[in-house]
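Observations on chain architecture
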Amino acid sequence: MTIDELTSLGESQSSVILSKSCTLLPREGNPEPRYCDLPHGSINSMGLPNLGYQKYGEFAPLLKKYNKPYFVSVSGLSLADNIKIISDLSDIQEIAAFELNLSCPNVIGKPQVGYDFNQTRQVLGEVMRITKKPLGVKLPPYFDFAHFEEMAKILNNHKISFVSCINSLGNGLFIDADSEKAVIKPKGGFGGLGGEYVKPTALANVRKFYELLRKDIAIIGVGGIATGRDAFEFLLCGASAAQVGTAYQQQGTAVFARLEKEFAAFLEKKGCHSLDEVKGKLKTINN
Ligand code: SIN
């Protein structure tokens, strides 16, 4: 979120710097406590705290020295906000791409756009017209084949470059039986689940979209990646890259070097010489 955090990503082994999702105006976000580590992951209801989109534009030249792509995540609170943010930031050369977040479950009174197919169609129709930069979409998890198919049809009709699957699994509730309380404050304790809890759902979403999307739409796998072996599983399902949320929150930027090392070692153990040998090659059980 801050320039210090983005700088530390620049200095780390991550291959991309991805900003916190930004809105038109700065936001404090939801009241604290709004994040909690859990036995198998995390729950959060951050509510999009961020410094306002202009700051993420101003940061772009400062991050250039790290020689890695800088992606700005955009989560305007309305279509008009998304248009304004993306069109203003499109002039900034040092921004490599946008990730349009259609799936934050934590803003009170604002349902996730990715669960409203008509609205998603409209948003993409308008937003794709105003930028020449690569644009991807951060999707919520889907659970029904009909919904995967409907969303894939919409995405295939637009010149998007990537999808990020998945955002947190929205509106979980983790409680502490001793205190008889929810562990986070906003929304009566409801928040997005991340980490190990969501990995099977994330893998399923990557796999389904890999089957259904145009092959030029890359898939960024996200949800429970904490080891090189996890990253390998996402690659098998069809992901081209990995995003790390909970493990980054818990371990800091050192997580990227560890993941890279473990992933390379896992590939070597398997005797794989290129990612293409593995990407999307998940086997299923036939007899
Ligand atoms: C948040 O700020 O609430 C988390 C971001 C997201 O879930 O998209």
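Residues numbered from 1 in each chain as written. Predicted model: local features only at pLDDT ≥ 70, side-chain atom pairs only at ≥ 80, totals over all residues. Heavy atoms only, no water.

Structural notes on the overall build of the protein chain
- Along the backbone of the protein chain there are nine helices and 13 strands.
- Its C-alpha radius of gyration of 18 Å places the protein chain within 12% of the 19 Å reference for a compact globule of 287 residues.
- Structurally, the protein chain occupies a C-alpha span of about 55 × 50 × 40 Å along its principal axes.
- The buried share of the protein chain, reckoned over its 287 residues, is 49%.
- Taking contacts inside the protein chain between residues at least 6 apart in sequence as the whole, the part at least 24 apart equals 75%.
- Of the roughly 14100 Å² of accessible surface on the protein chain, a fraction of 54% belongs to carbon and sulfur atoms.
- The average position of the 32 basic charges and that of the 30 acidic charges among the side chains of the protein chain differ by 4 Å. (Helix = DSSP H or I, 4+ residues; strand = E, 2+ residues; numbered from the N terminus. Rg over C-alpha atoms; globule rule 2.2 N^0.38 Å. Buried < 20%, exposed > 50% of the residue type's maximum accessible area, 1.4 Å probe, protein only. Contact = heavy atoms within 4.5 Å. Areas by Shrake-Rupley, 256 points an atom, 1.4 Å probe, with all protein chains shown as cover. Lys, Arg positive; Asp, Glu negative; His and termini not counted. Charge placed at Lys NZ, Arg CZ, Asp CG, Glu CD.)

Observations regarding unusual backbone geometry
- Cis geometry is found at the peptide bond from Glu32 to Pro33, where omega equals 0 degrees.
- Among the secondary structure elements, Pro33 is positioned in the loop between β1 (17–18) and β2 (35–38).
- Residues Cys165 and Ile166 are joined by a peptide bond in cis, for which omega reads 15 degrees.
- Following the sequence through the fold, Ile166 ends up in the loop between β7 (162–165) and β8 (169–173).
- Although it is not a glycine, Glu180 adopts a positive phi angle of roughly 60 degrees.
- Within the fold, Glu180 resides in the loop between β9 (175–176) and β10 (181–182).

Considering the nonpolar core
- Ranked by internal contacts, the top residues of the largest apolar core, which has 69 residues, are Tyr70, Leu155 and Phe209.
- Ranked by the residues each element gives to this core, the list is headed by helix α9 (residues 254–270), at six residues.
- In this structure, Phe209 is in contact with Leu139, Tyr142, Phe148, Met151, Ala152, Leu155, Cys165 and Ile219, ignoring residues within four places of it in sequence. (Core = buried A, V, L, I, M, F, W, Y, C linked by side-chain atoms within 4.5 Å.)

Considerations on the packing of helix α4 (residues 117–127) against helix α5 (residues 145–156)
- One can describe the packing of α4 onto α5 by two numbers: an axis separation of 10 Å at closest approach and a directional angle of 15 degrees. Comparing their axes, α5 and α4 come out roughly parallel. Judged by the sense of rotation from one axis to the other, the crossing of α4 with α5 is right-handed. Contact residues: α4 offers Phe117, Thr120, Arg121 and Leu124, while α5 offers His147, Glu150, Met151, Ile154 and Leu155.
- Split by residue class, the contact of α4 with α5 holds five nonpolar, two polar and two charged. (Axes fitted to C-alpha atoms, helices over the stretch in contact; angles between N-to-C directions. Parallel < 35°, antiparallel > 145°, perpendicular 65-115°, else oblique. Left-handed = near helix turned anticlockwise from the far one by under 90°. Nonpolar A, V, L, I, M, F, W, Y, C, P; charged D, E, K, R; others polar.)

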